[in-house]
Amino acid sequence: VLGEIEGTLTKPEPDLDLRIEGGRLDYLPLGIRVQDLQFHGKANERLVSLKTLSGTPVPLRRGLKSGFVDALDDSRKPSVAATGSMRIQDWQPGVVRGNLALDNALLSAKDDQLRRLSGKVDVSETWPGLSVQGRMRVEQGYIALDSATFFTTAPIELDENLLVVR
């Protein structure tokens, strides 16, 4: 973080430059690690801008119980990239513009689930009524359900609203 904050305590005037180069983020709940993390942002009292946010999402570990992570196609390097800006009005979020691009991006890699997506999404409008538009494609998906998922204590019966004609 580089920059300065001028003004008063009740009316600060920040001018900051924020950077991460070659960082790493481990996100345990989804079983992913983002390598080669690059981040560049700027912030002042009127605008927060995301110049660059990019990284390579990979599984935290290989050889999970299901074995599906070892079957991942590593021939196409996964990537995530985002840019955007947010206007600040009276220290509250205002107009937001941004985009997110995923290319074969791994979004979860756990024993019971895998999600890999590609596509682009644009975000715009005034906070909190944001408009999100874009297209996503599931490149690879996997959900494992154990046998307990299918057992219930009640007998299997038809819903009373269904009419069965034989």
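These lines cover the structure that appears in this document, whether it is placed above or below. This structure is a prediction, so every number in the text was calculated from the model and none was measured. (Residues numbered from 1 in each chain as written. Predicted model: local features only at pLDDT ≥ 70, side-chain atom pairs only at ≥ 80, totals over all residues. Heavy atoms only, no water.)

Topic: the sheet that holds strand β2 (residues 12–27)
Next up, step 1: Within the open sheet, the eight strands sit side by side as β1-β2-β3-β4-β5-β6-β7-β8. Their pairing is antiparallel. Only two strands of the sheet have a single neighbouring strand rather than two, namely β1 (2–7) and β8 (131–143). Put simply, the sheet's adjacent strands are angled 15° from each other on average, direction ignored.
Next up, step 2: In the sheet, strand β6 (residues 92–110) pairs with strand β7 (residues 113–126) via 13 bridges, with the strands oriented antiparallel. Bridged to Arg97 within β7 is Ser124. (Pairing = 2+ DSSP bridges. Helix = DSSP H or I, 4+ residues; strand = E, 2+ residues; numbered from the N terminus. Axes fitted to C-alpha atoms, helices over the stretch in contact; angles between N-to-C directions.)

What about unusual backbone geometry?
Next up, step 1: With an omega of 0°, the peptide bond running from Trp127 to Pro128 counts as cis.
Next up, step 2: Mapped onto the fold, Pro128 is located in the loop between β7 and β8.
Next up, step 3: Positive phi is not limited to glycine here, since Trp91 has a value of about 60°.
Next up, step 4: Topologically, Trp91 is positioned in the loop between β5 (79–89) and β6.
Next up, step 5: The class of Trp91 is partly exposed, set by a relative accessible area of 47%.
Next up, step 6: One non-glycine residue, Asn104, lies in positive phi territory at about 55°.
Next up, step 7: For Asn104, the position within the fold is in strand β6.
Next up, step 8: Here Asn104 falls in the buried class, since its relative accessible area comes to 5%. (Buried < 20%, exposed > 50% of the residue type's maximum accessible area, 1.4 Å probe, protein only.)

What about the pattern of salt bridges?
Two side chains that carry opposite charge are able to pair once their charged atoms sit near each other.
Next up, step 1: Under the counting rule described, the total for this entry stands at six salt bridges.
Next up, step 2: Two residues, Arg24 and Asp26, come together in a salt bridge whose shortest N-O distance is 3.2 Å.
Next up, step 3: Here Arg33 and Asp26 are joined by a salt bridge, their closest N and O atoms 2.7 Å apart.
Next up, step 4: The partly exposed category is assigned to Asp26, whose relative accessible area is 30%. (Salt bridge = Lys/Arg side-chain N within 4 Å of Asp/Glu carboxyl O.)

A word on a negative patch on the surface
Next up, step 1: On the surface, a cluster of negative charge is made up of Glu4, Glu6, Glu13 and Asp15.
Next up, step 2: Those elements that provide at least two residues to the negative patch are β1 and β2.
Next up, step 3: Along the polypeptide, Glu13 turns up in strand β2. (Patch = residues over 30% accessible without salt bridge, like charges linked within 9 Å, V, L, I, M, F, W, Y side chains within 5 Å. Areas by Shrake-Rupley, 256 points an atom, 1.4 Å probe, with all protein chains shown as cover. Lys, Arg positive; Asp, Glu negative; His and termini not counted. Charge placed at Lys NZ, Arg CZ, Asp CG, Glu CD.)

A short note on the pairing of strand β4 (residues 47–59)
Next up, step 1: Summarising the sheet, strand β3 (residues 32–44) and β4 pair through ten bridges and their orientation is antiparallel. Bridge pairing links Ile32 to Pro59 in β4.
Next up, step 2: Between β3 and β4, which pair antiparallel and follow one another directly, the connecting turn spans two residues.
Next up, step 3: When β4 meets β5, the two strands line up antiparallel, connected through seven bridges. Looking at the pairing, Gly55 lines up with Val80 of β5.

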